[in-house]
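Take a look at the letters that make up each chain.
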Amino acid sequence: MEYFKGIGKIKYEGAQTDNPFAFRHYNPDEVVGGKKMKDHLRFAVAYWHTYQARGADPFGSGTAIRPWDGITDPMSLAKAKMEANFEFCEKLQVPFFCFHDRDITPEADTLAQTNKNLDEIVSFIKELMKTSEVRVLWGTANAFNNPRYVHGAATSCNADVFAFAAAQVKKAMEVTKELGGQNYVFWGGREGYETLLNTDLKLELDNFARFLHMAVDYAKEIGFTGQFLIEPKPKEPTKHQYDFDTATVIGFLKTYGLDKHFKMNIEANHATLAAHTFQHELAMARINGMFGSVDANQGDMLLGWDTDQFPTNIYDTTLAMYETLKAGGFTTGGLNFDSKVRRASFEPDDLFLAHIAGMDTFAWGLKIAHKMLSDGKLEDAVAKRYESYKSGIGADIVAGKADFKSLEKYALANDKIVNKSGRQELLENILNGYIYG
Ligand code: XUL
Ligand code: CO
């Protein structure tokens, strides 16, 4: 059955088109820098926002009108949404989707029954995959929604909850493997604290690391070769989330000997909440060899929470693709739209229009970023700024040939220092030139 009636395959028509159901920049087979756009961007639909969210907010219930409305039996509903997902991805030319275990199968009364239901949906997905090219970018476990996770999952004060979360993640990893998922994501939903007055910080962090080590061991045991990703977020739902930002997560992973097993899943809106730019988080992952995947969205600079809006800011997507290209591009990762339509954009058409907007903005950003890197003006400016490290005393510092004594000797003979302008405004104007012409 067709769920999104009246909407055909979304095709590239070019920047001049007036057709809102067409791409203006995303041209999947167009080659940019020796690689097709579809291979650069590796778009993915987020199951939770696109099929689960109904636009509820703290002041009102959901507003969404969806083609599966009226189906009441939970398993029939889960299957209808999955069929709709394959149709949606195919029509949009999106090659991947991402899911939490509980997005694709509702939780039953017991863990055993929930797992059984999950198996039924997994078989259903595998059937759908036989006639479709749509695949799984990543899977994850929702260990934050159910009230049992009130104090967290791996960092709960209650060992029974730790055990339950382990069982849930074990199953979610098996399911992700079974579906050929290329990555498995850990987003610490409620891994954090509200107050240190009731928190054993050391035990919680140790337990979090124990949990991740168990996941690494289990992946080895079952032969899951996908990439483990960890998704930083500084706050929300807890006041302090342990995976605060990329730098914090890298420090945590290194402290506990986990760094070889993980890369980052960077979310734009989470960067904003951490008072960083999206580019900063991507750059931090890149320079540490931990650039993995991206949750593509954007926040609102006037709001302090995770609004998960579709990315339409060309400035941000350009710099994100600039970092992505500098990182060598995606390998197992991609651009997952962890984005939801606004509450007032409640029609099924809006799901398409929103994804088209996000895909076009990233495709456009890719083209601009590629041009920036091919010209090399910004790279040249950076290289020039640090040229003092290419020869003389700077080269000695970089080569490890200098120490405090030799540097003192040098400084005593060279204390009339000359600095040069950083030319920030010039560089911002050059960037504007690339983006806006
Ligand atoms: C929450 C968030 C999650 C993760 C997956 O802020 O970003 O949806 O992406 O659990
Ligand atoms: Co996310």
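Just above, that's the structure.
Residues numbered from 1 in each chain as written. Chains lettered and ligands numbered in written order. Predicted model: local features only at pLDDT ≥ 70, side-chain atom pairs only at ≥ 80, totals over all residues. Heavy atoms only, no water.

A.B. asks: What should I look at first to understand the side chain of asparagine 336 in this one?
C.D. replies: Examined against the element boundaries, asparagine 336 turns out to sit in strand β14 (residues 335–337). Looking at asparagine 336, the relative accessible area reads 0%, which means it is buried. When residues no more than four places from it in sequence are discounted, the contact partners of asparagine 336 are Ala44, Val45, Ala46, Trp48, Cys98, Leu137, Trp138, Val294, Asp295 and Ala296. (Helix = DSSP H or I, 4+ residues; strand = E, 2+ residues; numbered from the N terminus. Buried < 20%, exposed > 50% of the residue type's maximum accessible area, 1.4 Å probe, protein only. Contact = heavy atoms within 4.5 Å.)

A.B. asks: It is not clear to me how the coordination of the cobalt ion (ligand 2) should be interpreted in this structure. Could you clarify?
C.D. replies: Metal coordination angles have textbook ideals: 109.5 degrees for a tetrahedral set of four donors and 90 or 180 degrees for an octahedral set of six. The protein atoms that coordinate the cobalt ion (ligand 2) are Glu231 (OE), Glu267 (OE), Asp295 (OD) and Asp338 (OD), at distances spanning 1.9 to 2.1 Å. Relative to the metal, the six donor atoms surrounding the cobalt ion (ligand 2) lie at angles of 82 to 171 degrees, and the coordination shape comes out octahedral. Here the donor residues of the cobalt ion (ligand 2) share one chain and are spaced in sequence as E-x35-E-x27-D-x42-D. Of this pair, glutamate 267 sits in strand β12 (residues 262–267) while aspartate 295 sits in strand β13 (residues 291–295), and the two are 28 residues apart along the sequence. Neither glutamate 267 nor aspartate 295 differs from the other in exposure class; each is buried. (Donors = N, O, S within 2.8 Å, 3.2 Å for Na, K, Ca; no water. Tetrahedral: all angles 85-135°; square planar, octahedral: opposite > 155°, others 65-115°.)

A.B. asks: Is there a simple way to think about the nonpolar core in this case?
C.D. replies: What tends to happen in soluble globular proteins is that the nonpolar side chains get buried as a cluster. With 114 residues, the main nonpolar core has Leu41, Phe97, Phe186, Phe228 and Phe362 as its most contacted residues. The dominant element in this core, judged by the number of residues it contributes, is helix α12 (residues 348–375), at 11 residues. Residue contacts for phenylalanine 362: discarding those within four places in its chain leaves Leu41, Phe43, Phe278, Ala296, Pro311, Thr317, Ala320, Met321, Leu335 and Phe337. (Core = buried A, V, L, I, M, F, W, Y, C linked by side-chain atoms within 4.5 Å.)

A.B. asks: Just checking my understanding: could you explain the site of ligand 1 for this structure?
C.D. replies: For ligand 1, the full set of nearby residues is Trp48, His100, Trp187, Glu231, Lys233, Glu267, His270, Asp295, Asp306 and Asp338. Take lysine 233: an N or O atom from its side chain is 2.9 Å from an oxygen atom of ligand 1. Note that an oxygen atom of ligand 1 is positioned 2.9 Å from one of the side-chain N or O atoms of aspartate 306. In isolation ligand 1 offers 290 Å² of accessible surface; the protein chains occlude 93% of this area. Comparing atom positions with the cavity grids shows ligand 1 to sit within the second largest pocket. Among the residues forming the shell around ligand 1, the class breakdown is two nonpolar, two polar and six charged. (Near = heavy atom within 4 Å. Polar contact = N/O pair within 3.5 Å; in protein donor to acceptor, adjacent residues only side chain to side chain. Areas by Shrake-Rupley, 256 points an atom, 1.4 Å probe, with all protein chains shown as cover. 1 Å grid on protein atoms, 1.4 Å probe; cavity = no way out; pocket = protein on both sides within 12 Å on 5 of 7 lines; lining within 4 Å. Sits in = over half its atoms within 2 Å of the grid points. Nonpolar A, V, L, I, M, F, W, Y, C, P; charged D, E, K, R; others polar.)

A.B. asks: Mind showing me how you'd approach the layout of surface pockets here?
C.D. replies: Rolled over the atoms, a probe with the dimensions of a water molecule shows which regions are left empty. Taken as a whole, the second largest pocket holds about 1,200 Å³ of empty space. Lining the second largest pocket are 39 residues, with His49, Glu236, Asp306, Asp308 and Lys340 positioned closest to its centre. Put simply, the parts of the chain that give the lining of the second largest pocket at least two residues each are α2 (47–52) and β7 (135–140). (Points joined across faces, edges and corners; volume = space filled by probe spheres on them.)

A.B. asks: Help me understand empty space enclosed by the protein in this model?
C.D. replies: Under the criterion given, the structure shown has three cavities of 30 Å³ or more. Considered as a void within the structure, the largest cavity measures approximately 160 Å³ in volume. Elements represented by at least two residues in the lining of the largest cavity include exactly α6 (159–178), β8 (183–186) and α7 (201–222). The dominant element in the lining of the largest cavity, judged by the number of residues it contributes, is β8, at three residues. Taken together, the residues of the lining of the largest cavity sort by class into 13 nonpolar, three polar and two charged.

A.B. asks: Even after reading the chapter, I still don't get the pairing of β8, so can you show me in this structure?
C.D. replies: Within a regular strand, the side chains alternate between the two sheet faces. Judged by which residues are buried, β8 turns out to be covered on both faces: Asn183 and Val185 on one side and Tyr184 and Phe186 on the other are all buried. Bridge count for β7 against β8 is two bridges, and the pairing is parallel. In the strand pairing of β8, glycine 139 is matched with tyrosine 184. Bridge count for β8 against strand β10 (residues 227–230) is four bridges, and the pairing is parallel. Its bridge partner lying in β10, valine 185 is registered against leucine 229. (Pairing = 2+ DSSP bridges.)

A.B. asks: Just checking my understanding: could you explain the sheet that holds β13 for this structure?
C.D. replies: Backbone-to-backbone hydrogen bonds pair the strands of a sheet. The strands run either parallel or antiparallel. Within the closed barrel, the eight strands sit side by side as β5-β6-β7-β8-β10-β12-β13-β14. Their pairing is parallel. Within this sheet the neighbouring strands show an average axis-to-axis angle of 30 degrees, counted without direction. In the sheet, strand β5 (residues 43–46) pairs with strand β6 (residues 96–100) via three bridges, with the strands oriented parallel. Along β6, the bridge assignment pairs alanine 44 with phenylalanine 96. In the packing of α7 onto the sheet, contacts are made with β8, β10 and β12, and the angle to β10 comes to roughly 160 degrees. (Axes fitted to C-alpha atoms, helices over the stretch in contact; angles between N-to-C directions.)

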